[in-house]
Number of protein chains: 2
Amino acid sequence: MAPERAASRGSALGLLVRTESRPGVLHQLTGVIAHLGGDITWVVILGGGERVNSVFFEIRGLPTLAPLIEELRALPAVIDVTEEQTHRRVFGKRVIIMGGGAQVGQVAVGAVAEADRHNLRGERISVDTIPLVGESALAEAVLSASRLPRARVLVLAGALMGGEIEAAVRKVRERGLVVITLNMAGSVPGAADLVVTDPIQAGVMAVMAIAETARFDVSKLRKRIY
Amino acid sequence: MAPERAASRGSALGLLVRTESRPGVLHQLTGVIAHLGGDITWVVILGGGERVNSVFFEIRGLPTLAPLIEELRALPAVIDVTEEQTHRRVFGKRVIIMGGGAQVGQVAVGAVAEADRHNLRGERISVDTIPLVGESALAEAVLSASRLPRARVLVLAGALMGGEIEAAVRKVRERGLVVITLNMAGSVPGAADLVVTDPIQAGVMAVMAIAETARFDVSKLRKRIY
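Residues numbered from 1 in each chain as written. Chains lettered and ligands numbered in written order. Predicted model: local features only at pLDDT ≥ 70, side-chain atom pairs only at ≥ 80, totals over all residues. Heavy atoms only, no water.

### Brief notes about the overall build of chain A
Which entries qualify depends on this criterion: Each helix is a run of DSSP H or I of at least 4 residues and each strand a run of E of at least 2, with the numbering of both proceeding from the N terminus. Residue contacts are defined here by distance: any two heavy atoms, one from each residue, within 4.5 Å place the two residues in contact. Using a 1.4 Å probe, the Shrake-Rupley method yields the accessible areas, and only the shown protein chains count as cover for residues. Here the positive residues are Lys and Arg and the negative ones are Asp and Glu; neither His nor the chain ends is included. Lys charges are placed at NZ, Arg charges at CZ, Asp charges at CG and Glu charges at CD.
Each helix and strand counted, chain A has 8 helices and 10 strands in total. Sequence-distant contacts in chain A: of pairs separated by 6 or more residues, those separated by 24 or more amount to 73%. Surface accessibility of chain A: about 9200 Å² in total, with carbon and sulfur atoms responsible for 52%. Seen as two clouds, the 26 positive and the 23 negative side-chain charges of chain A have centres 5 Å apart.

Pasting the structure below:
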């Protein structure tokens, strides 16, 4: 038995499992993991095709992965099992930017440039965007953002946002997401943690708000407008 | 019993389950879903806190969700269950951009503006980025990109990429990811589907390559340089 890296509470290990694609397979996999005492901190099903699926797990709490890999390989539905890097380690914390295409692009320029500077110093911050139009579509996307893995801060970039979007902003802030908006028309800026006029600056501040390499505490700036 | 929307093969339904946070809970949840014949097409564990976790499922193959919600609520570890929109419906297909901060930001401007145009016509395309430096870090991120849910096209934006990154590009292309690179030094452009000199154009073409509202077939352009 080759020695394996320890999967302590602090560092999850990644496991990619290719299986036959049918209902109940995930239940079999999680059964083996639970039986060995592994704590699944992240799991994603990647559509591999009609008959084969890939399931990616991040697991904590096991001293070694070797017995788990062996037991998984013994399941009839399992095709193969490989150890992989975790998404958390590779892609890190996420800034989510949504709204109008013109503004989202400029906020992204600021956020990407600032994330680059922090990632050079050992951080892992990624910048994810979606251009969207319409009150309902945006409100739904805001609510969904709080359910995205590793999402820490949301930037709303547009010219007019209110109504359902304002209600969604209040809800996701309760769930712990920091919300920054551009200085725009509508009721959304009144509901946000921070309002920033320049889109590049908004992107930079969003990254600073979640970077451990920055001295910038958004809670000290609440309700401030820049 | 209120009638529920049908969870056919074509349209998954989303379910947010808040549970006590401990090993084995996911196994219990998947057991109930498998027992009722539901096919889990996507699942993510959202760290809710020390003692409470939120697990988000997308499920197909059930005529209604009502019996499932009822059975899940009956589990001692379950705190509450709510029906939610699916990530696939909200955030759609993903363009992933990685490399140097200066170039990634400009590719994002092109991709976001183009995604905006397609999303206005009913598409859902999001643009996700990470600025990264170093051959190993980038090679690892390229490999991981093929394990990101809903990822369809990868844009490598930098001035020099080769070695391990080239090997990673060849591997993820085999897994079905389309790879576009800027016209740069190193061996990566030779391994990509498409090489584009202007970063805005690269972002636009990346979105066109995956938009069903665009007439642009990257397979017809393989090995072409723009």
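### Digging into the pattern of salt bridges
The line we're drawing: Only one rule defines a salt bridge in this text: a Lys or Arg side-chain nitrogen within 4 Å of an Asp or Glu carboxyl oxygen. Residue burial is assigned from relative accessible area. The probe radius is 1.4 Å, only protein chains are included, and a residue is buried under 20% of its type maximum, exposed over 50%, and partly exposed in between.
Inspection of every chain in the model, using the stated rule, returns 16 salt bridges over all chains. A salt bridge links Arg18(A) to Asp80(A); the nearest nitrogen and oxygen atoms lie 3.5 Å apart. Separated by 62 residues along the polypeptide, Arg18(A) in strand β1 (residues 13-20) and Asp80(A) in strand β4 (residues 78-84) bring together distant segments of the chain. Put simply, Glu20(B) and Arg22(B) hold a salt bridge, and the shortest N to O gap is 3.2 Å. Assessed through its relative accessible area of 39%, Arg22(B) is described here as partly exposed.

### Points about the relation of the copies chain B and chain A
Operational definition: For this overlay, a least-squares fit was computed on C-alpha atoms, restricted to residues scoring pLDDT of at least 70 in both copies.
Aligned on chain A, chain B shows an RMSD of 0.1 Å; the corresponding rotation is 180 degrees and the shift along the axis is 0.0 Å. Such a combination of turn and shift is consistent with a two-fold rotation axis. Taking the C-alpha atom as reference, chain B places Asp128(B) closest to the rotation axis, 2.0 Å from it. A symmetric contact is evident, with 100% of the interface residues of chain B recurring at the interface of chain A.

### Describing the side chain of Arg150(A)
Positionally, Arg150(A) belongs in the loop between α5 (135-145) and β7 (151-157). For the buried Arg150(A), no salt bridge exists, and the shortest N-O distance to an oppositely charged side chain is 6.0 Å, to Asp128(A). Contact partners of Arg150(A), with chain neighbours within four places excluded, come to His87(A), Arg88(A), Phe91(A), Gly92(A), Lys93(A), Arg94(A), Ser126(A) and Leu148(B).

### Re the sheet that holds β4(A)
Residue and element names in this part refer to chain A. The test is simple: Paired strands, in this sense, are two strands between which DSSP finds at least two bridges. Inter-axis angles, ranging from 0 to 180 degrees, are taken between N-to-C directions of lines fitted to C-alpha atoms, where helices are fitted over the stretch in contact.
If you trace the 4 strands from one edge of the open sheet to the other, you get β2-β3-β1-β4, paired in antiparallel fashion. Single-partner strands in this sheet number two, and they are β2 (39-46) and β4. Strand-to-strand twist of the sheet, defined as the mean angle between neighbouring strand axes without regard to direction, takes the value 20 degrees. Relative to the sheet, helix α1 (residues 25-35) contacts β1, β2, β3 (52-60) and β4, its axis offset from that of β3 by approximately 25 degrees. Lying on the sheet, helix α2 (residues 66-73) is in contact with β1, β3 and β4; it crosses β4 at an angle near 160 degrees.

### Thoughts on helix α6 (residues 164-174) of chain A
The α-helix winds at 3.6 residues per turn, so residues separated by three or four positions along the chain end up facing the same way. Residue and element names in this part refer to chain A. The line we're drawing: Taken from the helix axis, the directions to the C-beta atoms give the arc we talk about.
Among all positions in α6, only Ile165, Ala168, Val169 and Val172 are buried. Looking straight down α6, one finds that the buried residues subtend no more than 105 degrees of arc, so they occupy a single side. Buried positions along α6 lie against α5, β7, β8 (178-182) and α7 (188-191). Among the residues trailing α6, Gly176 stands out with phi positive, at a value near 105 degrees.

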